[in-house]
Amino acid sequence: GCAAATATVGGGARRKKKDRRSLVVVAGGSDGSETLRSAESYDPAARAWTALPPMSVGRQCPAAAAFVGDDRVYVAGGYDDGGGGGGGGGSRRWLNSVESYDAS
């Protein structure tokens, strides 16, 4: 599985409501043959997906979070498949690292 988090971004230090927008960031997962490093953001107002830079490692089942007042989304933990493909053929290697994305 992948991780998803919503972030409210924009509006500057005072967070002017008219300048804010909500984004959904989705990261990691599996395509059935490999663990994914990809991450994308979705802007519901624009109905558009945007590719984000790939994560440093592929992650299945990570956690994702965004904090109020912070334009960043954090993707943490999960596991990679140990090189055996996303179908679970390899041994799982649990990850203890965090990726962060500037969602603005």
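Structural data are supplied above this passage.
Just so we're clear, the structure is a prediction, and the values are computed from it rather than from any experiment.

**Let's talk about the environment of alanine 51**
Inspection of the secondary structure puts alanine 51 in strand β4 (residues 48-52). In the structure, alanine 51 is positioned 25 residues away from valine 26 in sequence and 9.9 Å away in space, judged by C-alpha atoms. Excluding its chain neighbours within four sequence positions, the residues that come into contact with alanine 51 are Ala39 and Glu40.

**A closer look at the sheet that holds strand β9 (residues 98-102)**
Strand order across the open sheet formed by three strands is β5-β6-β9, with antiparallel pairing between neighbours. The open sheet has two free edges, formed respectively by β5 (63-66) and β9, since each of these has just one partner strand. Adjacent strand axes in the sheet meet at a mean angle of 20°, parallel and antiparallel pairs treated alike. Examined bridge by bridge, strand β6 (residues 72-76) and β9 share five bridges and lie antiparallel to one another. Following the sheet pairing, arginine 72 is matched in β9 by aspartate 102.

**Let's talk about the nonpolar core**
In this structure, Ala5, Ala7, Leu23, Val25, Ala27, Ala39, Leu52, Met55, Val73, Val75, Tyr101 and Ala103 together form the largest nonpolar core, which totals twelve residues. Of all elements in the fold, only β1 (3-9), β2 (21-27) and β6 reach the threshold of two or more residues within this core. When residues in this core are grouped by element, the largest group, three residues, is from β2. What alanine 39 contacts, discounting residues up to four positions off in sequence, is Val26, Ala27, Thr50, Ala51, Leu52, Pro53 and Tyr101.

Conventions adopted
Residues numbered from 1 in each chain as written. Predicted model: local features only at pLDDT ≥ 70, side-chain atom pairs only at ≥ 80, totals over all residues. Heavy atoms only, no water. Helix = DSSP H or I, 4+ residues; strand = E, 2+ residues; numbered from the N terminus. Contact = heavy atoms within 4.5 Å. Pairing = 2+ DSSP bridges. Axes fitted to C-alpha atoms, helices over the stretch in contact; angles between N-to-C directions. Core = buried A, V, L, I, M, F, W, Y, C linked by side-chain atoms within 4.5 Å. Buried < 20%, exposed > 50% of the residue type's maximum accessible area, 1.4 Å probe, protein only.

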